[in-house]
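Fold and geometry: a report
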Amino acid sequence: MNSSPEEKKRAIAHLASASEESVLDVLSIVRRQRWLIVFFTILGVALGVLYTSRAQVWYESQAKVLINQKNAGLAGTPSEMVEEDVLANHMEILRSRRIVESALTKDGLMDLPSIQTFLGEADDAADYVIDRLELVKGGDGGAKDARSLQIAFAHVDPTDSQVVLESVLVEYQKFIQDQLAGVMSKANELVNKAKDEVEGELRQAEAEYVAARKAAPLLFQGEGSSNVYQDKYRRLEEELLSLQIEEAAVKTRLDGVVNALETMKDNTSSAEQLDKLALIDSDSLERLGLFAGLQLNASRSTEFQAAQPARIAEAQTQYKHMLDLMSEKQRLSSIFGEGHPKVQDIEDEIILVRNFLEEQKTETGSGMGISDDPLNPETLLRAYVGFLKHDLAAFSERRKELQILSADAEAQAKTLIDFELQDQVLKSKIARQEELFDGIVHQVRDMDTASGLNGYIYELLETPRLGIKVWPRLPLCILGGLMLGLIAGLSIAVANDLRDGRFRSAAELDQAIDLPMLGRIGKLNSIGQGIKGLIATELSPDAEALRMGRTLLLPDIRSGKLKTIGMTSAMQGDGKSTVTSNLAVSASQVGLRVLVIDADLRRPSQHRYFSVDITGGITDIVEGRLQWKDAVKTTDAENVSIITAGSSTNTPAELLQSAAFDELLKAASDEYDLVMIDLPPVLAVSDPLIVAPKVGGLVIVVRASTARRDEVLNMIRRLQSTGGELVGCVLNIFGSGKNFSIEGGYYGYYESSYTRPKSTPAPAKASRMSRPTTVEPVIHRNGSTPEE
């Protein structure tokens, strides 16, 4: 299901918040563990400097070689750029054991003292040199793509590094020259052999081609020319096909006319006989008209023709016109049918012409009508049969002639095709011989008996020089030590911070325990000052923090909802007894009658804060030796009374769990406005868990500098599991970081005109701002820590 835009926005905001919180956490860790990080960073720099002063000094001798292609003269082409694989081949040769070992052996460098000191049992000088040889392709900066090799050899002696590198380069040059000489010799031998064999076969193929061209027909013009006999044969075949089609059509018409003549032998009417003339095709009408005219001229005398020449001519014209109409009627009937309007129109016109011819017969006495005259329809059809037979005879003669010519053209075309095929075969043979020759030459040029060295030479651009110091370098060592120290410091700082489970800020504590913050206490008088210290605290900045807690609890106290408050902490030393005594004094200043009960029977301390005798306390009341009212002691703090722990006991948990203690709490809460009970630490003993469900509310004291997250949360879980109701938390920030107590907080306000003694003249504006500030007090950290 797709998320709504609001959900997407919330998700993005959540991710942004989580990312920001993560960054802040890292920064917080760095800030908290900064001295540890600084220590390891300085240590890393010091180690880098120490390494520079103690490390072995290395020197490096360098040389540079440019690899060029040398043309062997096989193709006559200019030199080209060297390919990457050729450079790689040269690099492998330079660092090969064959070259290095041969160079060191020839120059007596295998036992060089400066090298022997670095050799193990299984190594020799050649292995050492190979490991220290550094080969890099290309130049520097803009010449990084140059076909060159930068060669460097690092060693502890600058002179020996130069000597070793020179020896390796000399042996490399000798190897290249020997290989090139051998390759060129082999190339010359193969070139001569290719010239004797391949060129001979090529000349033989060319001679065969010349002889074939001489024997070729005159009309053969070579590849790409047209075959005239084949074209002639194609035209003759097309003409023969057309002739056969026409001959078949004439035979069909002849059969139709013959059948018509057979039917005319019967007594058919003149009109029906005239309809038979429609069988005559349009091409033969002109010949029949000429034939009819000749018959008419032969049947009349000279006198008759001289008397009526016009009528006879007109009759002849109309007769020919009637023949044309009958032929057209036959054609339209085959296309549209007998009942089509066009066919009917022609039929009407034929009737008119026929009537005209009948009238002419009467006037001229000629035989132009339909009668027994020799020029009747039957006579014309018989003449048409003669024409068709003559045409068939002509077609037969022409067909024979075309067949003879076609056979001759076919034979000539096949002969010419044979010469064309032979010409192609000879040309292919010549082409193969040429490709074979080119391939042999190419193979000779590319023949690489030394892994791609054929046709390449090297030019020494930079000769080996005296070794220069390359290691150790002080800036690099310092930078390396700095980075290692910084990384180590950060790693250890993060691990140390994760191991430390204390709260890092008041906000973190609020989020973890989710309880109202009643105040932050930083500086309180020590327990050794007794009641005087409690009274003096009311004039200190911490008193405002106590008043803050008192103010937050006061509505429930006055309403009677909160009559008894248990004060406890997670572990010993969190300051819960100090906070209890000071908060009791602060509560009494608003007119509340406060009773402090010291229920920490194992380590009682309230009698010391209020400067009273410990005897006659809770243990005596619960064990029945003393009435509770008799055990109440008044203190120098107005409206504050105390019940001490009393006599020591071995069963404090049992005493606190007794009904007598429950009756004490009930009676005290009925008598006093507020009863504050100092309980032992929750994680130390089970006593506070016994008292927790018996009191109206619990206030926990957390010391930020020592309390661990798991301890505080475990304390809260234990108290809540017994049914105790937590009403707030007091944060003891003595000894904690600035995330809990910030300079310029409430302490600064305490020094301002808001809290100056009455004897000090206050500025006029102080009267307008006499109401208590709503800013949560943050206490200055100077002074002693609250004690139990």
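Everything in this summary refers to the structure shown in the same document. (Residues numbered from 1 in each chain as written. Predicted model: local features only at pLDDT ≥ 70, side-chain atom pairs only at ≥ 80, totals over all residues. Heavy atoms only, no water.)

**Quick look at the packing of aromatic side chains**
Under the criterion given, the structure shown has five aromatic pairs. A centroid spacing of 6.5 Å and a plane angle of 85 degrees characterise the contact between Y128 and F153, whose relative ring orientation is edge-to-face. With a gap of 25 residues between them, Y128 in helix α6 (residues 125-132) and F153 in strand β3 (residues 148-155) connect regions that are remote in the sequence. On the basis of relative accessibility, which here comes to 7%, the residue Y128 falls in the buried class. Sitting above the plane of the Y672 ring, R593 keeps its charged end 4.7 Å from the centroid. (Phe/Tyr/Trp six-rings, centres within 6.5 Å; stacked < 30°, edge-to-face > 60°. Helix = DSSP H or I, 4+ residues; strand = E, 2+ residues; numbered from the N terminus. Buried < 20%, exposed > 50% of the residue type's maximum accessible area, 1.4 Å probe, protein only. Lys NZ or Arg CZ within 6 Å of the ring centre and 35° of its normal.)

**Some words on the packing of helix α16 (residues 506-513) against helix α26 (residues 709-721)**
For the pair α16 and α26, the least separation of the axes is 11 Å and the interaxial angle reads 35 degrees. Judged by the twist between their axes, the crossing of α16 over α26 is right-handed. Contacts from E508, A512 and I513 of α16 reach α26 at R709, V712, L713 and I716. Residue classes in the contact of α16 with α26 are distributed as five nonpolar, no polar and two charged. (Axes fitted to C-alpha atoms, helices over the stretch in contact; angles between N-to-C directions. Left-handed = near helix turned anticlockwise from the far one by under 90°. Contact = heavy atoms within 4.5 Å. Nonpolar A, V, L, I, M, F, W, Y, C, P; charged D, E, K, R; others polar.)

**Here's the deal with the packing of helix α4 (residues 97-106) against α6**
Working note: a packed helix pair is described by the angle between its axes plus the distance between those axes. In the contact formed by α4 and α6, the axes pass within 9 Å of each other and the chain directions differ by 120 degrees. Accordingly, the angle class assigned to the pair α4 and α6 is oblique. The interaxial crossing formed by α4 with α6 has right-handed handedness. Contacts from R97, V100, E101 and L104 in α4 reach A125, A126, D127, V129 and I130 in α6. When grouped by side-chain class, the residues that make up the contact of α4 with α6 number six nonpolar, no polar and three charged. (Parallel < 35°, antiparallel > 145°, perpendicular 65-115°, else oblique.)

**Some points on the pattern of salt bridges**
Summed over the entire model, instances satisfying the criterion amount to 19 salt bridges. Salt bridges linked by common partners bring R97, E101, D124 and D127 together as one network. (Salt bridge = Lys/Arg side-chain N within 4 Å of Asp/Glu carboxyl O.)

**Concerning α26**
A rise of 1.5 Å per residue sets the reference length of α26, with its 13 residues, at 18 Å; its end C-alpha atoms lie 18 Å apart and thus fit the reference within 8%. Lining the buried residues of α26 we find α16, β7 (564-569), α25 (687-691), β12 (697-703) and β13 (726-732). Taken from the residues just after α26, G723 is the one with a positive phi, measuring 95 degrees. (Expected span 1.5 Å × (residues − 1).)

**Here we look at the nonpolar core**
Judged by nonpolar contacts, the single largest core of 48 residues is most densely connected at I618, I643 and I700. The contact partners of I643, leaving out residues within four places of it in the chain, are L595, V596, I597, D598, G617, I618, I621, W628, A631, V632 and L664. One finds A63, L94, F153 and V164 within the second-largest nonpolar core, a separate group that totals 35 residues. (Core = buried A, V, L, I, M, F, W, Y, C linked by side-chain atoms within 4.5 Å.)

Remember, this is a structural readout, not a statement about activity or role.
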